[in-house]
Structures are given as structure tokens and as C-alpha cells.
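These are the residues of each chain, in order.
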Amino acid sequence: MKVNDAILGALIALLGAVVLWHVQSFPFIPGQKFGAALFPGVVACGLLICGILLSVRGIRAAGRGGRWLSIDNWGRDPLIVLRFLSVPIGLLFYVLTSNFLGFHIAASLAMLAWLLVFGLKPLMAVPLAIFFPIMMHLAFYKILRVPLPWGLLEKVVFG
């Protein structure tokens, strides 16, 4: 699938504008010339400028006979489309269910679905879908000290 640069540029510019608007609420650090908004603000300005330039390029290309949207051969294969869509759907599933189910359960279910959709046999997919979230938990929760939601397992783990 090919999306015209004008559309992608507009989305990138919109993201930059939203981030730039949001960082205005970041607190100032007393005694510092620069606050917490400096780095994200600079990145947001870059996104805004690049998005506008990309949009201009896309509009020029569309004016010379370019297409706004075209679907390649892979976009006509249902299995490839399913695999492609499984990634954002799995991430959305995790975001919506992780607080209730907990990291381990939500991540295991998402990983199991991905492994099966991408062709791994269930006999291999199930152990991997259990093993990798445990390893990710060790990396994030224990080493990096990033709090992950326990969800349904909170009563089991903490009594």
C-alpha cells in the first residue's frame, strides 16, 4: 500500500503540533534556563516542519498525476493483511486490557495470537507466549524498575 506523502506529512505535522501544544503545560525547573519542555518541544518543531515539507511534496506529486492511495499485490492477500493488522490490534488489546488482566496475562495472550497468526505451531507458541512475558517482566520490573500492572494476578502474588 502506498499512501501519498501529503497525507502522511499532514499526520506527522499534526502530531508535532499536538506535542508542541502539550509541552506548554510542562513545569519549569527553578534555577534553570531550560525546562522539561525543551527537548520534546524541539522534536515537535522538527516533526511539524518535516510534516509540512512532506505534505507540500505530496501535493506536488499528486498534481503531476500521482495517486493519493494505491494498494500493492500484498494488500490483496488476506493472510498478509491479517498479519499486518494483528500488530496494531494486539497492541490495542494490550493497552485496553493490561490494567484489568495484568501485564503477564495480557502480554501472553497478545504474544500467543501473534505467534499463531505468523505461523508458529501451537506446541511451540504456547511455551514462548508464557516465557517471553516473564523475561520482559524481569527486564522491566526488576532491572529497570518500571511498574507493570499485576491485574488479576495481584491477589495471587501479594496475597
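Residues numbered from 1 in each chain as written. Predicted model: local features only at pLDDT ≥ 70, side-chain atom pairs only at ≥ 80, totals over all residues. Heavy atoms only, no water.

### Structural notes on the overall build of the protein
Of regular secondary structure, the protein possesses six helices and two strands. Its helices and strands taken in sequence order, the protein reads β-α-α-β-α-α-α-α from the N to the C terminus. Taken against the 2.2 N^0.38 rule, which gives 15 Å for 159 residues, the C-alpha radius of gyration of the protein at 22 Å runs more than 25% over that of a compact globule. With respect to the principal axes defined by its C-alpha atoms, the protein has extents near 60 × 60 × 20 Å. A total of 159 residues make up the protein; the buried ones form 21% of that total. Pairs at least 24 apart in sequence give 62% of the contacts found in the protein among residues at least 6 apart. Carbon and sulfur atoms make up 76% of the accessible area of the protein, which totals about 11500 Å². Once the 12 positive and 4 negative side-chain charges of the protein are each reduced to a mean point, those two points are 7 Å apart. (Helix = DSSP H or I, 4+ residues; strand = E, 2+ residues; numbered from the N terminus. Rg over C-alpha atoms; globule rule 2.2 N^0.38 Å. Buried < 20%, exposed > 50% of the residue type's maximum accessible area, 1.4 Å probe, protein only. Contact = heavy atoms within 4.5 Å. Areas by Shrake-Rupley, 256 points an atom, 1.4 Å probe, with all protein chains shown as cover. Lys, Arg positive; Asp, Glu negative; His and termini not counted. Charge placed at Lys NZ, Arg CZ, Asp CG, Glu CD.)

### Side note on a nonpolar patch on the surface
Side chains of Ile7, Leu8, Leu11, Leu14, Val18, Ile59, Trp68 and Leu69 sit close together on the surface and give an oily, nonpolar patch of about 750 Å² of accessible area. For the nonpolar patch, the element with the most residues is helix H1 (residues 5-22), which contributes five residues. Looking at the secondary structure, you find Leu69 in strand S2 (residues 69-70). Taking the relative accessible area as the measure of exposure, Leu69 reaches 48% and is therefore partly exposed. (Patch = residues over 30% accessible without salt bridge, like charges linked within 9 Å, V, L, I, M, F, W, Y side chains within 5 Å. Salt bridge = Lys/Arg side-chain N within 4 Å of Asp/Glu carboxyl O.)

### Topic: the pattern of salt bridges
Summed over all chains, the structure comprises one salt bridge. For Asp5, the salt bridge goes to Arg57, with nearest N and O atoms at 2.8 Å. Highlighted residues: Asp5 in helix H1 and Arg57 in helix H2 (residues 38-63), separated in sequence by 52 residues. The buried category is assigned to Asp5, whose relative accessible area is 16%.

### Notes on the environment of His137
Within the secondary structure, His137 is located in helix H5 (residues 122-143). For the pair His137 and His104, spaced 33 residues apart in the sequence, the C-alpha separation amounts to 7.8 Å. Leave out the neighbours within four places in its chain, and His137 touches Phe103, His104, Lys142, Leu148 and Trp150.

That is the geometry; function is a separate question.
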